[in-house]
Amino acid sequence: MKLVHISDIHINPEPILGLDPIANFRKCLAYVEAHDQDADRVVITGDLTHYGLEESYRELAGILAASSLKDKLAPRLLIGNHDNRETFASVFSGTNRDGAGFIQWTEETPAGLFVYMDTVDAGRHGGLYCDSRMAWLTQVLDGARAASQKAYLFMHHNPVRVNVANADVIGIFNERELQALLKEYNDTVAHLFFGHCHYTLSGVVGGIPYSAPRSTNHTCWPDFTGQINRMGYGDLAPNYNVCFLREDSTVIHSIDFLDAGKVKWKIEADAEMV
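Since the structure is predicted, the reported quantities are computational estimates derived from the model, not experimental observations.

A.B. asks: Please clarify how the environment of Val-169 should be interpreted in this entry.
C.D. replies: Along the chain, Val-169 falls in the loop between helix 5 (165–168) and helix 6 (175–184). Distance in space between the C-alpha atoms of Val-169 and Ile-228 is 7.4 Å, their sequence separation being 59 residues.

Below is the structure:
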């Protein structure tokens, strides 16, 4: 199964850190349309807008409506800390919500069960996965395990410390509780996908591999000085990830879509090209 994972598009009418988030998201989407029509799913893991404003959600809705990505390729939309849960749901009327009103749901896919999670703690940049949401996730993973089904989890916030102070201070507040739950299901959960940090990440937590792409607009530079208020940014390539989910492997590629014009193609007669 081929998955396109996009994150942190930050739709906003004004530039952010000197960059145009609407123009950059349009370029990202155009590249996906041109090169990834054979994908099975497209998922955007939050920070759909920069300020959670209705006009920004309507802008996003218009961009998606004009896109050729429809049906199974219509982007699955998760919310992040820059979003407003109720405003998002008022514009995207088909929003899936659990019994407690959180924007989380599951979907059957060729690779297994996709689990879309709501890690937003309204009014805070840091995330939270409360008791109600943990109970929902436990029930979902129990069902997947009983069906001998792989589960792939999608969320906005980083569920693990990434050794960058300005990211770790706004990760999931109760990460230890969530990690303990995930560890109990590392025979069922095949991969964790998230965003929030704005730089490429990969690793393992609780025996489960994870990955995250950069933002499609303002990419950040990982800073290991331990200074909470220090953030690196600049003229850095945004990206999205193309993921291949197989029975025995998961492969993640980072696509720097604005750099595509720099690529030169060479066709060799023999097999040894690199």
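From this point, the discussion proceeds with the structure in view.
A.B. asks: Would you mind going over the state of the cysteines with me for this structure?
C.D. replies: By definition, a disulfide is the covalent link that joins the sulfur atoms of two cysteine residues. Per the stated rule, a full pass over the model turns up 0 disulfides. Free cysteine Cys-28: the closest other cysteine sulfur is in Cys-243, separated by 13 Å. Overall, the relative accessible area of 0% leaves Cys-243 in the buried class.

A.B. asks: Looking at this structure, I do not really get the nonpolar core. What am I missing?
C.D. replies: Proteins that are soluble and globular tend to have nonpolar side chains buried together. Within the largest apolar cluster, 43 residues are counted, with the highest numbers of intra-cluster contacts made by Ile-6, Phe-25, Leu-60, Phe-154 and Leu-245. Once residues within four sequence positions are removed from consideration, Leu-60 is found in contact with Ile-9, Ile-11, Phe-25, Leu-48, Leu-77 and Phe-92. Counting 33 residues, the second-largest nonpolar core is a separate cluster that includes Leu-141, Val-162, Val-164 and Leu-181.

A.B. asks: Is there a simple way to explain the pairing of strand 6 (residues 151–154) in this structure?
C.D. replies: On a regular strand, each side chain points to the face opposite its neighbour's, so the side chains alternate between the two faces of the sheet. Going residue by residue along strand 6, you find Ala-151 and Leu-153 tucked away on one face and Tyr-152 and Phe-154 tucked away on the opposite face as well. As defined by bridge partners, strand 5 (residues 112–116) adjoins strand 6 across 4 bridges and the pair is classed as parallel. Bridging from a neighbouring strand, Phe-114 pairs with Tyr-152 of strand 6. Tracing the backbone out of strand 5, into helix 4 (residues 131–146) and back to the parallel element strand 6 gives a crossover that is right-handed. Sheet topology places strand 6 next to strand 7 (residues 189–193); 4 bridges connect them, and they run parallel. Within strand 7, the position partnered with Leu-153 by the bridge is Leu-192.

A.B. asks: I tried to follow unusual backbone geometry on my own but got confused; where do I start?
C.D. replies: Phi is mostly negative for residues that are not glycine, and the peptide bonds are mostly trans. Positive phi, close to 50 degrees, is recorded for His-10, a residue that is not glycine. You can see His-10 is positioned in the loop between strand 1 (2–6) and helix 1 (21–35). Residues other than glycine seldom take positive phi values, yet Asp-47 does so here, at roughly 50 degrees. Here Asp-47 shows up in the loop between strand 2 (41–45) and helix 2 (54–66). Accessibility expressed as a relative area gives 2% for Asp-47, which makes it buried.

A.B. asks: Just checking my understanding: could you explain the side chain of His-156 for this structure?
C.D. replies: The residue His-156 is located in the loop between strand 6 and helix 5 in this model. Among the polar contacts made by the side chain of His-156, one reaches the main-chain carbonyl oxygen of Thr-45 at a distance of 2.8 Å. A polar contact of 3.4 Å, which involves the side chain of His-156, links it to the side chain of Asp-47.

A.B. asks: Before we go on, may I ask you to explain the sheet that holds strand 6 in this structure?
C.D. replies: Two strands in a sheet stick together by hydrogen bonds in their backbones, pointing the same way (parallel) or opposite ways (antiparallel). Here 6 strands make up an open sheet; going across it, the order is 4-5-6-7-9-8 and the pairing mixed. The open sheet is flanked by strand 4 (105–109) and strand 8 (201–205), the only strands paired with a single partner. Direction aside, neighbouring strands of the sheet carry axes that sit 20 degrees apart on average. The pairing of strand 7 with strand 9 (residues 208–212) spans 2 bridges and is classified as parallel. Each bridged residue has a counterpart across the sheet, and for Leu-192 the counterpart in strand 9 is Tyr-210.

What counts and how
- Residues numbered from 1 in each chain as written.
- Predicted model: local features only at pLDDT ≥ 70, side-chain atom pairs only at ≥ 80, totals over all residues.
- Heavy atoms only, no water.
- Helix = DSSP H or I, 4+ residues; strand = E, 2+ residues; numbered from the N terminus.
- Disulfide = S-S within 2.5 Å.
- Buried < 20%, exposed > 50% of the residue type's maximum accessible area, 1.4 Å probe, protein only.
- Core = buried A, V, L, I, M, F, W, Y, C linked by side-chain atoms within 4.5 Å.
- Contact = heavy atoms within 4.5 Å.
- Pairing = 2+ DSSP bridges.
- Right-handed = clockwise from strand over helix to strand, strands pointing away.
- Polar contact = N/O pair within 3.5 Å; in protein donor to acceptor, adjacent residues only side chain to side chain.
- Axes fitted to C-alpha atoms, helices over the stretch in contact; angles between N-to-C directions.

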